Amino acid sequence: MAQRLRRYGRTLLSFWATSLEAELEYQLNLVIELLAVLGNLAGSLFVLVLLAGPSGQLGGWSWNSALVVLGIYTLLDGFTSCVLQPNLSKIVSHVQNGTLDFVLLKPIDSQFWLSTRSFSPWGLPGVIAGLALIGWALVHNGEALSAGGMALAVALLVAGGLILYSLWFLLAGLSIWFVKVWNATEVLRYTLVAGRYPISAYPPALRLVFTLVLPVAFLTTVPAEALLGRASAAWALGSLAAAAISLVGTRLFWQFALRHYTSASS
Amino acid sequence: MAHRNGLKPVQRALRIAAALLSSQYAYMLEYRAEIALWALSGVLPLIMLAVWQGSAGAAAAGLNPQGLGRYFLAAFVVRQFSVVWLIHVFEEDALQGKLSPQLLQPLQPLWRYLAAHVAEQATRVPFVALMLAAVLVLKPGLLWLPSAGQLLLGIVAIQAAFVLRFLLQTLVAMLCFWSERAAALDRLLLIPYLFLSGLVAPLESFPPAVRRLAECTPFPAMVSFPAKLLAGESVDVAGGFLNLALWCAVLFPLSRLLWQAGVRRYSAMGA
Amino acid sequence: MSQPIVHAEGLSKSFRVADKQPGLAGTMRHLLRRSYREVEAVRDLRFAIQPGEIVGFLGPNGAGKTTTLKMLSGLIHPSAGRVEVAGCLPQRRQERFLQQITLVMGNRQQLIWDLPPLDSLRVNAAVYGIDPTEAKRRIHELAEMLELGEELQRPVRKLSLGQRMKAELLAALLHQPSVLFLDEPTLGLDVNAQARVRDFLADYNRRTGATVLLTSHYMGDITALCERVLLIHQGRLFHDGSLDALTSRLAPCREVRLELRQVHPREAFEGFGTIEVHQGHQVRLVIPREQLTQQVGLLLSRFEVVDLEVSDPPIEELIGGLFRQQG
């Protein structure tokens, strides 16, 4: 077991080393990414100011607290650019070019391979900016977080990341059946911008949608509440449960997809 | 005036346009599913509408819920029919050498891309209609019927905004002849488009200084002006169209210059 | 007799293909009521391969060779029948099975396009759990056998097709599999490159005793490498035996191409052999081997021949001819 873990670990390192090597040929990208992240952040902050108006409140959240939500969104967006997008958007080209066969014949779990094969450093500015924003807002928050509270917040952030991964994986995996809807993950990316703002800023009907249908609430609002020290047990448990269920869901989905692929492809 | 095949230039142009549009439309129909999804990804104005409704900022700027609803719904429609994706296909074609056969034909290749965009818009119509219907079923209060005049002006303004965006992206696309990463530059341009055009925040909510700054750029003409026309808000119609025309007049010769320089470089590099 | 390393029994595969008419009407009908038809790719295959054999799956395009190879490697589930490779059921894709096999496809590659092959090799070494020093040694050994040197350090996209294929083979053999599945490995290669690949495979088999299963529609691959040939036609196994047996069974004839000075009617050539082509000055005949010299002599004496060429008919024609005769 330990040997297998070591092998997977070594494999992951080699995946990301070769990935970085291929990407780092383009240095201009770094400048553009930095500018893009900063520009987007500036714009989002500007809109937040406009929304908050003279009262400095959005959906009952103080300006500072809303910054935490925005920071988590930026962090998750950076994570998407680093890991989710470079890997999962390739599934459709694997199916189209027939190279999925090579992945299936390696003695490594195919879901692991497809999910972690590439690492794009261009998402890192987003990750760093997000963390910086969160840090800044927390420092100005006043209330310090206990160790347990911090642990919970991190767990909920990870849960949010896993839910995001599951959503991406589900949509990208559909290309095993439908190659023509490869841009479904783009739709996801564009709809998740709703996570920029705390969920209470939305009308009640939409809040329901953002909890049950497109779980934006678990992605940004719930971890933000934990970081601000006002996590509610119900939401936290719900988030952790949703993360576990969605992860298991991706596994079942992938087995199902492979069964289809191996019986239908010629 | 040169006559080719005995056709007058106008006739020839119309014939080419008809052929291009019909072939591109047939092509786009094959990609219906993908286009439907692209239409779906244009929900941003609707999300922003949800956030703006009942926000403190809206009240402070004097924006009533009904006005906001109409504005953002109109902005949604404007964005759907003025989206430009030239940079992505052009970069791919230029890098893969697919531009060469096009350059050998007596037709400026950019017309092909324009036709593709128009065809894509036509293919989008049913999906946008479906989305609008869905929104209106959920919130019937948002429904309004613009007058015939408003509708006509609105459509003209949307198409003018589309042409403006197309020209702007053409400028960036021409950089493909010099750099492999021109598409990334377009990403940067997307930022002022998003925030200064009125797509995510109505210009009324801007502080006056920022608003004046925004109005010096072409971006408000791309969303705010056509959206307001459609929404039936009072807006300087003549001034707005003049603004659009001026921006197009500036960008068109620039893009032509860049195109010629770029093609010279492309052929010099051995296309 | 030792245990066979590859064993297939009643192996069949059929695909359900949606029957869709073109056009808008067809799309609507398809939406409302789907009709499917069964396409039988492979039917009732039965063979056993001993370790260390080099076996060729021969047949024209669409015969079912690639489908068979994919079933043997576990990429496709059989519709019926049973297959066992290296003591495992391929479709389970167990780790110990995957460590023992490798698949190389002539029209697809697993090497990373923008990076030198060495980087892909590093990844493979990690994936298969090969110790870095051991991996280095194996790379060195295989590179020598394949005559690859500094190519390993150049990005794959900058290599010629032949070099790319050699690098693919290196990557595929790094983990020292005991069963090699090769699907059209010499596709698109020039004559020299083809010869080198064949030499390498023969050498590798000699040195390591690995079992090689190879599909090809090039007769040359088969002649150079395979002592045993499985001929698949329209999904069925029609021949399982030595190449000599197949050759004498299938090609008791040779193809004679004539360019004549004058045009002669078709009947003039009837008695010499099967007429394949009769077009103006060009005539192509298929003549049984035993009668070759006699008939050619007669042709030369009876007609004014400008040019004459004697060759083996292409394998597709031989196989087609075989079933024209039997059917």
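For the structure, see preceding data.
Computed from a predicted model, the values in this text were never measured in an experiment.

Rules used throughout
- Residues numbered from 1 in each chain as written.
- Chains lettered and ligands numbered in written order.
- Predicted model: local features only at pLDDT ≥ 70, side-chain atom pairs only at ≥ 80, totals over all residues.
- Contact = placed C-beta atoms within 7 Å.
- Helix = DSSP H or I, 4+ residues; strand = E, 2+ residues; numbered from the N terminus.
- Nonpolar A, V, L, I, M, F, W, Y, C, P; charged D, E, K, R; others polar.
- Buried ≥ 20, exposed ≤ 12 C-beta atoms within 10 Å, placed from the backbone.
- Pairing = 2+ DSSP bridges.
- Axes fitted to C-alpha atoms, helices over the stretch in contact; angles between N-to-C directions.

Listed by partner, the interface residues are 23 residues for chain A and 25 residues for chain C. Elements with a minimum of two residues in the side of chain A that touches chain C: helix 1 (2-23), helix 5 (100-104) and helix 12 (233-264) of chain A. Of the residues belonging to the side of chain A that touches chain C, the class tally is eight nonpolar, 10 polar and five charged.

With that settled, consider the interface of chain B and chain A. Taken residue by residue, the interface counts 30 residues in chain B and 34 residues in chain A. Secondary structure elements with two or more residues in the side of chain B that touches chain A: helix 2 (32-40), helix 3 (44-52), helix 4 (56-60) and helix 10 (182-196) of chain B. Here the element with the most residues in the side of chain B that touches chain A is helix 10 of chain B; it accounts for seven residues. Its residues assigned to classes, the side of chain B that touches chain A shows 22 nonpolar, five polar and three charged.

All names here are of chain C. What you see with strand 12 (residues 282-288) is a clean split: Val 283, Leu 285 and Ile 287 sit on the buried side and Gln 282, Arg 284, Val 286 and Pro 288 on the side with no burial. Across seven bridges, strand 10 (residues 253-260) lies against strand 12 in antiparallel orientation. The residue bridging Arg 257 from the neighbouring strand is Arg 284, located in strand 12. Sheet analysis places strand 11 (residues 274-279) next to strand 12, joined by five bridges and oriented antiparallel. Bridging across to strand 12, Gln 279 finds its partner in Gln 282.

Let's shift gears to the sheet that holds strand 3 (residues 54-58) of chain C. All names here are of chain C. Pairing in this open sheet of six strands is mixed, and the strands run 5-6-7-3-8-9 from one edge to the other. Two strands lie at the open edges of the sheet, namely strand 5 (101-105) and strand 9 (236-242), each paired on one side alone. This sheet shows a mean twist of 15 degrees between the axes of neighbouring strands, independent of strand direction. As judged from the four bridges shared by strand 3 and strand 8 (residues 228-233), these two strands associate in the parallel manner. Looking at the pairing, Phe 57 lines up with Leu 230 of strand 8.

Before going further, it helps to examine the sheet that holds strand 2 (residues 36-49) of chain C. Adjacent strands of a sheet pair through backbone hydrogen bonds, lying either parallel or antiparallel. Residues and elements named next belong to chain C. Across the sheet, three strands lie side by side as 2-1-4; this open sheet has antiparallel pairing. Both edges of this open sheet fall to strand 2 and strand 4 (80-85), since each of them pairs with a single strand only. Strand-to-strand twist across the sheet, computed as the mean angle between neighbouring axes with direction ignored, equals 30 degrees. Direction of pairing for strand 1 (residues 6-18) relative to strand 4: antiparallel, over a ladder of five bridges. Bridge assignment links Ala 8 to a residue of strand 4, and that residue is Val 83.

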